[in-house]
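If you want the building blocks of each chain, they are given just below.
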Amino acid sequence: MEKDNIAVGLDIGTTKIVAMIGKKNEYGKLEILGIGKSKSLGVARGVVNNITQTIQSIQQAILEAENNSGYKIKDVVVGIAGQHIRSIQHTDYISRNNPEEVIGEKDIQLLIDQVNKLAMLPGEEIIHVLPQEFKIDGQSEIKEPIGMYGGRLESSFHVVVGQASSIRNVGRCIQSSGIELSGLTLEPLASADAVLSQEEKEAGVALIDIGGGTTDLAIFKDGIIRHTAVIPFGGNVITDDIKEGCSIIEKQAELLKIKFGSAWPGENKDNEIVSIPGLRGREPKEISLKNLSKIIHARVVEIVEQVFAEIKAYGHEDPRKKLIAGIVLTGGGAQLKHIKQLVEYITGMDTRIGYPNEHLAGNSSEEISSPLFATAVGLVMNSIENSTQSAIRMEVVNEQPKVVYRNVPPPVQRYEVEENYVEKVETIEEPREMKTNKVAAESTETKIRRSFFDRYVDKIKDFLDNAE
């Protein structure tokens with residue numbers, strides 16, 4: 001029997017850290033075995049700024065996932081984001097020694113390795129080298145060059161670059177948590193794997209992942225990644241605006257945003273008011289839902305306009321680069337009421353909310369198929385592709401005491417604990433153990449005395465009841 005390939009993804013976000021364990025079922029769908037979630041304390045805008053707190057949050061999420069699944073995590077694929085991420089377009093080529101041989105995977109790997117040696121700015125590191133389209137001896141628009149003949153193999157690449165120190169900090173947090181790092185993936189690419197269909201990628205689509213600290217963008221056209229960007233604004237900025245605008249504490253602002261928030265102020269009537277308890281005996285605050293929506297609307301418009309500027313920079317207005325499938329919104333921010341309508345209004349593009357349920361097995365819970373977990377699901381899918389055994393089943397130790405009875409029913413019993421089991425031992429035939437028997441006898445006498453006392457109390461109660 002083939003061993004199941006258990007995959008683990010770890011999404012280190014600004015507001016939450018999610019560890020997800022999964023495997024492919026017999027139908028090729030992703031079956032989630034366990035999920036662990038913890039509040040992210042040491043991360044700001046996708047970048048680790050407190051190593052100790054981040055390690056604690058990671059350990060908490062990992063432990064919860066292990067307890068829920070019954071698997072021990074060995075290594076994880078981690079998502080990386082943050083404002084230090086940038087992408088560049090690059091074209092490179094190799095001249096093959098023997099054009100009579102067909103092009104193989106080693107030739108493509110040689111070309112990718114060559115791009116990996118590109119000189120970056122000081123302190124920067126290449127995260128991904130993604131081939132887009134190939135050219136063989138001047139013949140362009142080749143998507144799959146393997147098996148073809150040619151002397152000069154050329155390709156355009158989408159190169160994702162990040163700050164080396166930020167990447168190393170993430171690696172250090174993982175290793176200090178007692179697990180290994182098996183791979184790094186750009187978070188918008190992981191989210192895209194989870195929520196986009198192949199048809200959308202072919203037609204042209206922009207994925208917008210609105211997280212707590214950052215908003216990630218990935219643009220696909222003709223099934224190929226064309227552009228990625230990370231905008232350093234997310235749901236936390238909206239919460240901060242509500243906190244300042246309504247003069248309330250952060251926890252209340254977050255709850256207000258989730259329960260009553262809307263990105264479209266016209267939907268709320270002027271007389272809709274929510275009352276918030278005051279601090280330490282102070283009077284409760286009354287907040288108009290229309291004002292709340294206006295605060296949210298202003299910030300969401302700013303975020304969407306920045307994303308739309310990136311989409312324009314890619315060249316969406318060029319008819320050949322037009323994104324026919326429009327925009328897919330995912331991440332926690334996509335759960336904000338009326339955000340879909342607002343994005344459609346600002347961009348003029350078709351918009352839908354992206355749920356990661358397309359790749360999930362049918363018995364998955366509703367919570368996992370929320371846009372909130374899109375990145376984590378994408379990271380698990382990425383880990384499955386690596387074909388690593390990222391988790392092993394924990395041994396279930398049966399701690400129930402094992403009771404063994406001797407043939408002769410003993411008048412007095414004692415308990416001997418020997419290596420995880422309890423044995424009831426008959427004591428009549430073993431006079432040298434009389435001392436221990438006295439203790440056992442005493443405890444039995446105590447029990448008899450106690451039961452006699454209980455019966456005595458019951459008799460008194462009955463007597464009093466009858467007297468009444």
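Before any of the text, the structure's been laid out above.
A short tour of the structure in this document, coming up. (Residues numbered from 1 in each chain as written. Predicted model: local features only at pLDDT ≥ 70, side-chain atom pairs only at ≥ 80, totals over all residues. Heavy atoms only, no water.)

The subject of this paragraph is the layout of surface pockets. By rolling a water-sized probe across the atoms, one finds the places where empty space is left. Approximately 1,100 Å³ is the volume found for the largest pocket. Considering the residues around the largest pocket, the lining is formed by 44 residues, among which Thr15, Gly212, Asn236, Glu254 and Lys257 are closest to the centre. Where the lining of the largest pocket is concerned, the elements lending two or more residues are strand E1 (7-12), strand E3 (30-39), strand E13 (205-210), helix H6 (235-246), helix H7 (250-260), helix H8 (289-314) and helix H10 (374-385). Its residues placed into classes, the lining of the largest pocket shows 13 nonpolar, 18 polar and 13 charged. Leu130, Leu189, Asp193, Asn382 and Glu385 are the residues nearest the centre of the second largest pocket, which is lined by 18 residues in total. Where the lining of the second largest pocket is concerned, the elements lending two or more residues are strand E9 (124-136), strand E12 (180-186), helix H4 (187-195), helix H5 (198-203), strand E15 (224-231) and H10. A per-element tally of the lining of the second largest pocket places E12 first, with four residues. Here the lining of the second largest pocket is composed, by residue class, of seven nonpolar, eight polar and three charged. (1 Å grid on protein atoms, 1.4 Å probe; cavity = no way out; pocket = protein on both sides within 12 Å on 5 of 7 lines; lining within 4 Å. Points joined across faces, edges and corners; volume = space filled by probe spheres on them. Helix = DSSP H or I, 4+ residues; strand = E, 2+ residues; numbered from the N terminus. Nonpolar A, V, L, I, M, F, W, Y, C, P; charged D, E, K, R; others polar.)

For the rest of this paragraph, the subject is the sheet that holds E15. The sheet built from five strands is open, its strands ordered E15-E14-E13-E18-E19 with mixed pairing. In this open sheet, the two edge strands, each paired with only one partner strand, are E15 and strand E19 (351-353). The mean inter-strand angle of the sheet, taken between neighbouring strand axes irrespective of direction, is 20 degrees. Taken together, the three bridges between strand E18 (residues 327-330) and E19 define a ladder with parallel strand orientation. Following the sheet pairing, Ile327 is matched in E19 by Thr351. Here H4 sits on the sheet in contact with E13, strand E14 (215-221), E15, E18 and E19, set at roughly 60 degrees to E14. (Pairing = 2+ DSSP bridges. Axes fitted to C-alpha atoms, helices over the stretch in contact; angles between N-to-C directions. Contact = heavy atoms within 4.5 Å.)

Before going further, it helps to spend a moment on the sheet that holds E12. An order of E3-E2-E1-E7-E12 is seen for the five strands of this open sheet, with the pairing classed as mixed. Each edge of the open sheet is held by one strand with a lone partner, namely E3 and E12. In this sheet, neighbouring strand axes are inclined to one another by 25 degrees on average, regardless of whether the strands run parallel or antiparallel. Where E1 lies against strand E2 (residues 16-24), six bridges are found, and the strand directions are antiparallel. Within the sheet, the bridge partner assigned to Ile12 lies in E2 and is Ile17. Across the face of the sheet, H4 comes into contact with E1, strand E7 (75-80) and E12 while running at roughly 80 degrees to E12.

Counting buried residues along strand E11 (residues 152-163), nine of its 12 residues qualify, which places the element largely inside the surrounding structure. Bridging between strand E8 (residues 86-95) and E11 involves 10 bridges; their strand directions are antiparallel. Following the sheet pairing, Arg86 is matched in E11 by Val161. Relative to E11, E9 is paired through 10 bridges, and the arrangement is antiparallel. Paired with Lys135 across the bridge in E11 is Glu154. (Buried < 20%, exposed > 50% of the residue type's maximum accessible area, 1.4 Å probe, protein only.)

Attention now moves to empty space enclosed by the protein. Applying the stated criterion to the full structure yields two cavities of 30 Å³ or more. If you add up the space inside the largest cavity, you get close to 50 Å³. Lining the largest cavity we find Ile12, Val43, Gly46, Val48, Gly79, Ile80, Ala81, Val170 and Glu187. Of the residues belonging to the lining of the largest cavity, the class tally is six nonpolar, two polar and one charged. One number sums up the size of the second largest cavity: a volume of about 40 Å³. For the second largest cavity, the full set of lining residues is Ile208, Ile210, Ile303, Val304, Val307, Leu329 and Val343. Broken down by secondary-structure element, the contributors of at least two residues to the lining of the second largest cavity are E13 and H8. A total of three residues in the lining of the second largest cavity trace back to one element, the largest contributor, which is H8.

Within the structure shown, the criterion is met by one aromatic pair. Relative to Tyr345, the ring of Trp264 lies with its centre 5.5 Å away and its plane at 90 degrees, an arrangement referred to as edge-to-face. One end of the pair, Trp264, is in the loop between H7 and strand E16 (273-276); the other, Tyr345, is in helix H9 (residues 339-347), with 81 residues separating them in the sequence. Given the relative accessible area of 64%, Tyr345 is considered exposed. The ring centre of Phe233 lies 5.8 Å from the NZ or CZ of Arg299, which sits over that ring. The aromatic ring of Tyr314 is capped on one face by Lys321, whose charged end is 5.5 Å from the ring centroid. (Phe/Tyr/Trp six-rings, centres within 6.5 Å; stacked < 30°, edge-to-face > 60°. Lys NZ or Arg CZ within 6 Å of the ring centre and 35° of its normal.)

To continue, consider the nonpolar core. Counting 57 residues, the largest nonpolar core has Leu10, Ile12, Met20, Val76 and Ile174 as its most contacted members. Tallying contributions element by element places H10 first for this core, with six residues. (Core = buried A, V, L, I, M, F, W, Y, C linked by side-chain atoms within 4.5 Å.)

The subject of this paragraph is H10. Taking 1.5 Å of rise per residue, 12 residues should cover 16 Å, and H10 covers 17 Å from first to last C-alpha, within 8% of that figure. Counting buried positions along H10 gives 11 out of 12 residues, so the element sits mostly inside the fold. Among the residues of H10, those classed as buried are Ala374, Thr375, Ala376, Val377, Gly378, Leu379, Val380, Met381, Asn382, Ser383 and Ile384. Just downstream of H10 lies Ser387, where phi reads positive at about 55 degrees. (Expected span 1.5 Å × (residues − 1).)

Distances and angles like these do not, on their own, reveal function.
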